[in-house]
Structures are given as C-alpha cells and as structure tokens.
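Spelled out from the first residue to the last, the chains are:
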Amino acid sequence: QVRLVESGGGLVQPGGSLRLSCAASGRIFSINSMGWYRQTPGKERDLVARISSDGRLNYADSVKERFTISRDKNKNTVDLQMNSLKSEDTAVYYCNGDIRSRFTSGFDTYWGQGTQVTVSS
C-alpha cells in the first residue's frame, strides 16, 4: 500500500511564506512525477506545480515567480515553497504522485489527505 502524507499548512498573513512537504511511503517500486494541487469549496482541484522524474517543472501561471517545487528522489518527498502569499492562495493543498507499487506493473495516481493553507490578515 502507498500513502502520501502532507504537512506544513496553516495560517499566514498576506505577503508571508509557507513551506509544504509531502512524503510518499509504503511498498513503492518507482515514482514518476509528483506535484501539488489545490481546491477551494465548490471548485475543481487545480494544478499548482508539478515536477517530473527527470526534473521538468510545470507551474500554474498564478503562482509562477512565487512558488517553487522541489523533490528529493532518495527520500520520496516533494516540497512546495510558497512566497509572497496572497488571499487568493487560500485553499486545501493536495500532494499527488504517479507511483508504481511493488505489487503492480503500472503507475497509479495517489493523493494525500490535504492540508489547509489560509492567507489572511
């Protein structure tokens, strides 16, 4: 079984910073891409940032120049450094990974439980 566990959410003032972390654990054979998505009530879950196994990056336009995604392939972790936070960044943030477990021959998509980020004065 594979699990993704996020940490690092919370309340921050506009202009502040937060760092989210996500660790994948379990019977992992290989991880392809990992990323972060966010969702607000009544809306779809949207991509924030994604990093492929070979380091290619993809960011939502709204977070470019403010957020940075990084990954430690040895530890199976992915982080999201969020700077210059705005009220519109308030959402539940979800970690995502395309992971092949030791029991399967292909990759499946896994999600973390989500962590709340609130940007407010």
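Given the structure is predicted, the values throughout are model-derived calculations rather than measurements. (Residues numbered from 1 in each chain as written. Predicted model: local features only at pLDDT ≥ 70, side-chain atom pairs only at ≥ 80, totals over all residues. Heavy atoms only, no water.)

Asks: Talk me through the packing of aromatic side chains; I want residue IDs and the actual numbers.
Replies: Think of a pair of aromatic rings as described by two things: how far the centres are apart, and how the planes are tilted against each other in angle. Inspection of every chain in the model, using the stated rule, returns two aromatic pairs. An angle of 70° between the planes, with centres 5.1 Å apart, marks the rings of Y37 and W111 as edge-to-face. With a gap of 74 residues between them, Y37 in strand β4 (residues 28–39) and W111 in strand β10 (residues 108–111) connect regions that are remote in the sequence. Its relative accessible area of 17% is what places Y37 among the buried residues. Judged by its relative accessible area of 36%, W111 falls in the partly exposed class. Taken together, a centroid distance of 6.5 Å and an interplanar angle of 85° make the contact between Y94 and W111 edge-to-face. Of this pair, Y94 sits in strand β9 (residues 91–101) while W111 is found in strand β10, placing the two residues 17 residues apart along the sequence. When the ring centre of Y94 is taken as reference, the NZ or CZ atom of R45 above it lies at 3.6 Å. Taking NZ or CZ as reference, R45 lies 4.6 Å from the ring centre of W111, over its face. (Phe/Tyr/Trp six-rings, centres within 6.5 Å; stacked < 30°, edge-to-face > 60°. Helix = DSSP H or I, 4+ residues; strand = E, 2+ residues; numbered from the N terminus. Buried < 20%, exposed > 50% of the residue type's maximum accessible area, 1.4 Å probe, protein only. Lys NZ or Arg CZ within 6 Å of the ring centre and 35° of its normal.)

Asks: Describe the side chain of R71, listing the residues and the values that go with them.
Replies: The residue R71 is located in strand β7 (residues 67–72) in this model. A distance of 3.2 Å separates a polar atom in the side chain of R71 from the backbone oxygen of I31. Of note is the side chain of R71, whose polar atom sits 2.6 Å from the backbone oxygen of N32. For R71, the contacting residues outside a window of four places in its chain are I31, N32, S33, M34, I51, S52, S53, T77 and V78. (Polar contact = N/O pair within 3.5 Å; in protein donor to acceptor, adjacent residues only side chain to side chain. Contact = heavy atoms within 4.5 Å.)

Asks: Quick one: what's the story with the sheet that holds β7, residue by residue and with numbers?
Replies: Spatially, four strands are ordered β1-β3-β8-β7 in an open sheet, and the strand pairing comes out antiparallel. Looking at which strands have only one partner, the edges of the open sheet turn out to be β1 (2–7) and β7. The average angle at which neighbouring strand axes cross in this sheet is 15°, direction not considered. Note: β1 against strand β3 (residues 18–26), six bridges, orientation antiparallel. By the bridge assignment for β3, E6 is matched with C22. (Pairing = 2+ DSSP bridges. Axes fitted to C-alpha atoms, helices over the stretch in contact; angles between N-to-C directions.)

Asks: Provide a residue-level description of the nonpolar core, including the pertinent values.
Replies: Counting 29 residues, the largest nonpolar core has W36, L80, M82 and Y93 as the members making the most contacts within it. Of all the elements in the fold, those that place two or more residues in this core are β1, β3, β4, β5 (46–51), β7, β8 (77–82), β9 and β11 (115–119). (Core = buried A, V, L, I, M, F, W, Y, C linked by side-chain atoms within 4.5 Å.)

Asks: I'd love a proper account of unusual backbone geometry, names of residues and values included.
Replies: Most peptide bonds take the trans configuration, and most residues that are not glycine carry a negative phi. One non-glycine residue, E65, lies in the positive phi region at around 75°. Secondary-structure assignment places E65 in the loop between β6 (57–59) and β7. The class of E65 is exposed, set by a relative accessible area of 81%.

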